[in-house]
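# Working through the structure, step by step
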Amino acid sequence: VQLQASGGGLVQAGGSLRLSCTASGRTFSNSAMGWFRQAPGKEREFVARINWSGGSTYYANSVKGRFTISGDNAQNTVYLQMNSLKPEDTAVYYCAQAQRAWSYGGSLARDFDSWGQGTLVTVSS
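Remember, it's a predicted structure, so these values are computed and weren't measured experimentally. (Residues numbered from 1 in each chain as written. Predicted model: local features only at pLDDT ≥ 70, side-chain atom pairs only at ≥ 80, totals over all residues. Heavy atoms only, no water.)

Further remarks concern the overall build of the protein. Scanning the protein from N- to C-terminus turns up zero helices and 11 strands. Reading the helices (α) and strands (β) of the protein from amino to carboxyl end gives β-β-β-β-β-β-β-β-β-β-β. Its C-alpha atoms give the protein a radius of gyration of 13 Å, near enough to 14 Å, the size a compact globule of 125 residues would have. Judged by the C-alpha coordinates and their principal axes, the protein covers about 40 × 25 × 25 Å. Relative to all contacts within the protein whose residues are 6 or more apart in sequence, the contacts with residues 24 or more apart total 59%. Only carbon and sulfur atoms are counted for the fraction: they give 44% of the accessible area of the protein, which is about 6300 Å². Each charge sign in the protein was given a centre, from 11 positive and 7 negative side chains, and these centres are 3 Å apart. (Helix = DSSP H or I, 4+ residues; strand = E, 2+ residues; numbered from the N terminus. Rg over C-alpha atoms; globule rule 2.2 N^0.38 Å. Contact = heavy atoms within 4.5 Å. Areas by Shrake-Rupley, 256 points an atom, 1.4 Å probe, with all protein chains shown as cover. Lys, Arg positive; Asp, Glu negative; His and termini not counted. Charge placed at Lys NZ, Arg CZ, Asp CG, Glu CD.)

Within the fold, S20 resides in strand 3 (residues 17–24). Once residues lying within four places of it in the same chain are set aside, the contact partners of S20 are Q4, A5, S6, W35, T77, V78 and Y79.

It is worth spelling out the nonpolar core at this point. Counting 35 residues, the largest nonpolar core has W35, V47, F67, I69, L80, M82 and Y93 as the members making the most contacts within it. Per element, the largest residue contribution to this core is five residues, and it comes from strand 9 (residues 91–98). The contacts of V47, once residues within four sequence positions are left out, are W35, F36, R37, Y58, Y59, A60, V63, F67, L80 and Y93. (Core = buried A, V, L, I, M, F, W, Y, C linked by side-chain atoms within 4.5 Å. Buried < 20%, exposed > 50% of the residue type's maximum accessible area, 1.4 Å probe, protein only.)

Taken as a whole and judged by the stated rule, the model has three salt bridges. In this structure, R37 engages E45 in a salt bridge whose closest nitrogen and oxygen atoms are separated by 2.6 Å. A residue is classified by how much of its surface remains accessible, and R37, at 6% relative accessible area, is buried. Here D89 and R66 are joined by a salt bridge, their closest N and O atoms 2.7 Å apart. In this pair, D89 is assigned in the loop between strand 8 (77–82) and strand 9 and R66 in the loop between strand 6 (57–59) and strand 7 (67–72), connecting sequence segments 23 residues apart. The class of R66 is buried, set by a relative accessible area of 11%. Each of R37, E45, R66 and D89 takes part in a single network of salt bridges with overlapping partners. (Salt bridge = Lys/Arg side-chain N within 4 Å of Asp/Glu carboxyl O.)

Spatial relationships are all this shows, so hold off on functional conclusions.
This is how it looks when you write it as structure tokens:
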């Protein structure tokens, strides 16, 4: 499967952005999509996860209440709506697909098999 992420850009603190990730090629109904991010000089960290079937979601505490992950099965596209952005949200955001789903959790990068190229989000203060 190939993943194409888009929607990054420069935004002021308090603003919003919506990231998109479209999957092409073979996808799995009992699978999940996730968003991760990596800030300069830091390790990649989990942001949010959604199951393709059923729509169960899971969020990192740092984004809970501000970010919303959603999916459009017909379009094989996952979105990350980011509101109330903070300078510390600045990072390259990656989407990824896992060949499994979770009822809870699903935040480890090693459990995701396919990765997109990343899109840069910069939040200015």
